[in-house]
Amino acid sequence: MIIDFHTHLDFYKPDELESQLAEFSGTIVAASVDEKSFLNNLEISKYCKTTTRACHIIPTFGIHPNRADENAPLLDDQATSQSFEKYLDQSPVIGEIGMDFCWSKSSPANQEKVFRWFLEYCNKTRKACVIHTKDAEEKICDILTDYPSARPIIHWYDGPESIYREFIRRGYPQTFGVETIRSQHLQNLLGHTPLELLLAETDNPDSEPWLGGTRNDIGLIERVYEELAGLLNMQQLELEKIIEDNFNRIIQKS
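Presented here is a report on the structure given in the accompanying data block. (Residues numbered from 1 in each chain as written. Predicted model: local features only at pLDDT ≥ 70, side-chain atom pairs only at ≥ 80, totals over all residues. Heavy atoms only, no water.)

## Here's the deal with the sheet that holds strand β2 (residues 26-30)
- If you trace the three strands from one edge of the open sheet to the other, you get β1-β2-β3, paired in parallel fashion. Two strands bound the open sheet, and with one partner strand each, they are β1 (3-7) and β3 (55-59). Geometrically, the sheet is characterised by an average inter-axis angle of 20° between neighbouring strands, direction not taken into account.
- By the bridge criterion, three bridges tie β1 to β2 in an arrangement that is parallel. (Pairing = 2+ DSSP bridges. Helix = DSSP H or I, 4+ residues; strand = E, 2+ residues; numbered from the N terminus. Axes fitted to C-alpha atoms, helices over the stretch in contact; angles between N-to-C directions.)

## Examining the pairing of strand β5 (residues 128-132)
- Counting buried positions over the five residues of β5 gives five, a clear majority of the element.
- The alternating pattern of β5 places Ala128, Val130 and His132 on one face and Cys129 and Ile131 on the opposite face, and all of these are buried.
- The sheet contact formed by strand β4 (residues 94-98) and β5 spans three bridges and is parallel. When the sheet's bridge partners are listed, Ile94 is paired in β5 with Cys129.
- Tracing the backbone out of β4, into helix α5 (residues 108-125) and back to the parallel element β5 gives a crossover that is right-handed.
- Inspection of the sheet shows β5 paired to strand β6 (residues 151-154) by four bridges, in the parallel sense. Bridge assignment links Cys129 to a residue of β6, and that residue is Pro152.
- Once the chain exits β5 it traverses helix α6 (residues 137-144) before rejoining the sheet at β6, and the crossover so formed is right-handed. (Buried < 20%, exposed > 50% of the residue type's maximum accessible area, 1.4 Å probe, protein only. Right-handed = clockwise from strand over helix to strand, strands pointing away.)

## Re helix α8 (residues 184-191)
- Taken together, the buried positions of α8 are occupied by Leu186, Leu189 and Leu190. Buried positions in α8, seen along its axis, are confined to an arc of 105° and lie on one side of it. Seen from the buried face of α8, the exposed residues on the opposite side, beyond 90 degrees, are Gln184 and Gly191.
- Along its buried surface, α8 packs onto α7 (161-170), β7 (174-176), β8 (198-200) and α10 (220-231). (Arc of directions from axis to C-beta. Contact = heavy atoms within 4.5 Å.)

Okay, here's the thing in structure tokens:
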């Protein structure tokens, strides 16, 4: 089974998305960047259930660091906080959450406030959470020590190898995607990744065009599998089985 562990399905145009879902066979983890995004992903999941049996969508609730400034004050409101917690309870995996000191314009203080709010829930429930780390790797590494029962999954890591090795030592799963074939650094990190911690993603629909590619379709995950299998010198079916087993362990523990 093909599994795309990190996408943003709500970023697609609805008619474009519908035609692609009809042709895709596999599982897609649909990350959310805020409340509206999660509600949109829930609707996409419901639509997929009624129109195709081959595609399974898992919507996950999170607040991206880019949306921290507008969402951090909402966490102090009891009604909003309770509403957000209901979304968390609906979500088998939490995400996308984290911090970003490279591209995000949100204040570091608000990013940390939102990040820690989610980690408190994950620490209490032992749910897995997908974490964005861009240029905040060291800070995130330190913060995660405060939440030992949270179960981080590191999304598209491309930071220092020393911190990556620490994440691996702690047993954090890692997603690899469309940049891996283009980056010697990522290929080096892939080589240090135990197979039982390996996941695949596209970060569709924006990441491949951002890197200069022309594709952003849902089927792009099949190319990612092919590329990762080649880099790991294994058969693609073998890789599919490894990632499916890793995925199942994550979902069952959540």
